[in-house]
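A structural walkthrough
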Amino acid sequence: MDVHGSVAEGFEPVRDAFVRNFEVLGDRGAAVAVYRDGRKVVDLWGGTRDAEGTEPWTEGTAQIVRSATKGVAAAVPLLLHQRGLLDLDAPVGSYWPEFKTGGKERILVRDVLAHRAGIPALDRGLSAAEAADGVSGARAVAAQQPFWEPGTEHGYHAQTYSWLVSELVLRATGRTVGSVLAEEIAEPLGLEFWIGLPETETHRVGRVAPVEPPESAGMLRTRPRRNVSEAYADPDSLTRRAFAAIAPLPDENDPAYRAAELPASNGIGTARALARFYGATIGVVEDGARIFTPATTELAAREHSAGPDRVLVVNTRFGAGYMLHGPASPLLSPASFGHPGRGGSLGFADPETGIGFGYVTNALAKSVTADPRAQALFRALKSALSAL
């Protein structure tokens, strides 16, 4: 496998794991990057920019990262909170009066970020056009009755997170999530990451496609537990309904979908951007700035939800907008916070080691929260750190 880029001395195990992902775990095109204490120590890419094509992945290739978008998007409401423009302990309805229906009057902004709002699904799924129009999604979640008493339990808001966060930011600032991200975070930090891909950047984005892990992956082709499999197979389960809030599933290679602002699912960026972003949530990155104050970093990583997830049907942990280290989504250490993307992508920060990590791929596997390729990379990173 012809891998490009660089690794700092001591981080060679990450390169070895990256190569093995192509040789054993079925990667087609991918990139991985790591920042440590604000300095880039890993920046690698390889394969083809299209999962089913031949054009090589280049240094500037970007890909859709699915739900890894959520972690980047969460920085917007947290930054607004940091500036005193959004109160996490205020009812959502104080910003968005139309939301105060059907028992949702006491849902707090904090509940939305921690997947405790009780609105992971819709009674009627939206079309891709409706999901992207900036209006229909907000109307649907405002009209939706909760599936449980808000604030008492948690369940992954796979798609509805888009419209909840988007409308909160819009009501609080008059601006969209994508514009705040671009102007207040991405531009100052030089991040190649967009929620709402500009037409000027479409040329650099590869096509994604589903893949099956090869037979050579052996024991890594694990089977989910029966109750999890049943939840995904049952069209009436909350699990299936949550992921089907946009139905039929959108074409993630469609330029119109990529241009929309869906902070739950359609962020596009490089591994370098993810790693640099997460590095900037816990410290100052080289030639850049820090996104969060120490207090906001602590807030992001503080446990808000834990235990049985009503949607994912496994035990999950969430901070304020971030998935936390746990059995369903192992990260570098118990202090880590970040977000995986269904199919493989992953970004996270680890305050204990000063690590910002990013992995993106165009080969979308069936994984939801713990893709074997991403897991192999950060296990190699953990090994490298222990030897330094």
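Everything that follows concerns the structure shown earlier in this document.
Residues numbered from 1 in each chain as written. Predicted model: local features only at pLDDT ≥ 70, side-chain atom pairs only at ≥ 80, totals over all residues. Heavy atoms only, no water.

**Looking at the nonpolar core**
Under the convention used in this document: Only buried residues count toward a nonpolar core. Its members are Ala, Val, Leu, Ile, Met, Phe, Trp, Tyr and Cys residues joined through side-chain atoms within 4.5 Å. Here the term buried applies to any residue with accessible area under 20% of the maximum for its type, exposed to any over 50%, and partly exposed to those in between, with areas from a 1.4 Å probe on protein chains only.
L78, W163, I185, F277 and Y322 are the most contacted members of the largest nonpolar core, which has 81 residues in total. A8, V14, V41 and I355 belong to the second-largest nonpolar core, a separate cluster that totals 28 residues.

**Looking at the sheet that holds strand 4 (residues 63-64)**
Note the following rule: What makes two strands pair is DSSP finding at least two bridges between them. Per the convention used, a helix needs a DSSP run of H or I reaching at least four residues, while a strand needs a run of E reaching at least two, with both numbered from the N terminus.
Pairing is antiparallel across the open sheet formed by 3 strands, whose spatial order is 4-7-5. Since the sheet does not close on itself, it has two edges, and those belong to strand 4 and strand 5 (193-194), each with one partner. As judged from the 2 bridges shared by strand 4 and strand 7 (residues 268-269), these two strands associate in the antiparallel manner. What sits directly across from I64, in strand 7, is I268.

**A look at the packing of aromatic side chains**
To keep things clear, this is the line we draw: In this scheme Phe, Tyr and Trp rings, the latter by its six-membered ring, pair at centre separations within 6.5 Å, and the angle between planes marks the pair as stacked below 30 degrees, edge-to-face above 60, and tilted otherwise.
Scanning all chains against the criterion turns up 10 aromatic pairs. For the pair W96 and F99, a centre-to-centre distance of 5.0 Å together with 35° between the ring planes defines the contact as tilted. Since its relative accessible area comes to 0%, F99 is described here as buried. When the ring of F348 is compared with that of F378, the centres are 5.8 Å apart and the planes differ by 85°; the resulting orientation is edge-to-face. Within this pair, whereas F348 is found in strand 12 (residues 346-350), its partner F378 is found in helix 14 (residues 372-387), the two being separated by 30 residues in sequence. This pair shows no difference in class: F348 is buried, exactly as F378 is. An aromatic cluster is built from F277, Y278, Y322 and F337, whose rings are joined through pairwise contacts.

**Side note on helix 2 (residues 68-82)**
How we decide: Expected span of a helix, by definition, is 1.5 Å for each gap between consecutive residues, and there is one gap fewer than residues.
Taking 1.5 Å of rise per residue, the 15 residues of helix 2 would be expected to cover 21 Å, and the 22 Å separating its terminal C-alpha atoms lies within 8% of that figure. Positive backbone phi, approximately 80°, marks G84, located one or two places after helix 2.

**Things to note about the side chain of D111**
Let me state the cut-off plainly: In summary, the charge assignment counts Lys and Arg as positive and Asp and Glu as negative, without counting His or the chain termini. Note on definitions: salt bridges are taken to be side-chain nitrogens of Lys or Arg within 4 Å of carboxyl oxygens of Asp or Glu. We call two residues contacting when some pair of their heavy atoms lies within 4.5 Å.
Its location among the elements puts D111 in helix 4 (residues 109-113). Buried within the structure, D111 lacks any salt-bridge partner; its nearest side chain of opposite charge belongs to R116, at an N-O separation of 4.3 Å. When neighbours within four sequence positions are excluded, D111 is seen to be in contact with R106, R116, A117 and G151.

**Quick look at the packing of helix 2 against helix 12 (residues 271-282)**
We count it as follows: As a rule, the C-alpha atoms of each element are fitted with a line to give its axis, helices using only the stretch in contact, and angles between N-to-C directions run from 0 to 180 degrees. By definition in this entry, angles of less than 35 degrees are roughly parallel, angles greater than 145 are roughly antiparallel, angles of 65 to 115 are roughly perpendicular, and the rest are oblique. By convention, the crossing between two helices is left-handed when the near helix turns anticlockwise from the far helix through less than a right angle, and right-handed when the turn is clockwise. Each residue receives one of three labels: charged for Asp, Glu, Lys and Arg, nonpolar for Ala, Val, Leu, Ile, Met, Phe, Trp, Tyr, Cys and Pro, and polar for the others, Gly being one of them.
Two elements in contact, helix 2 and helix 12, have axes whose closest approach is 11 Å; the angle formed by their N-to-C orientations is 40°. Between helix 2 and helix 12, the interaxial angle falls into the category oblique. Of the two elements, helix 2 crosses helix 12, and the hand of that crossing is left-handed. When helix 2 is examined against helix 12, the residues G71, V72 and A75 are found in contact with a partner set consisting of L274, F277 and Y278. Partitioning the contact of helix 2 with helix 12 into residue classes produces 5 nonpolar, 1 polar and no charged.

**Quick word on the pairing of strand 2 (residues 29-36)**
Along any regular strand, the residues point their side chains to alternate faces of the sheet. Of all 8 residues that make up strand 2, 7 are buried, and the element is covered over most of its length. Across 8 bridges, strand 2 lies against strand 3 (residues 39-47) in antiparallel orientation. Paired with V32 across the bridge in strand 3 is L44. The loop that links strand 2 with its antiparallel partner strand 3 comprises 2 residues; one of these, D37, has a positive phi angle of about 50°. Sheet topology places strand 2 next to strand 13 (residues 355-361); 7 bridges connect them, and they run antiparallel. Opposite A33, over in strand 13, you have G358 as the bridge partner.

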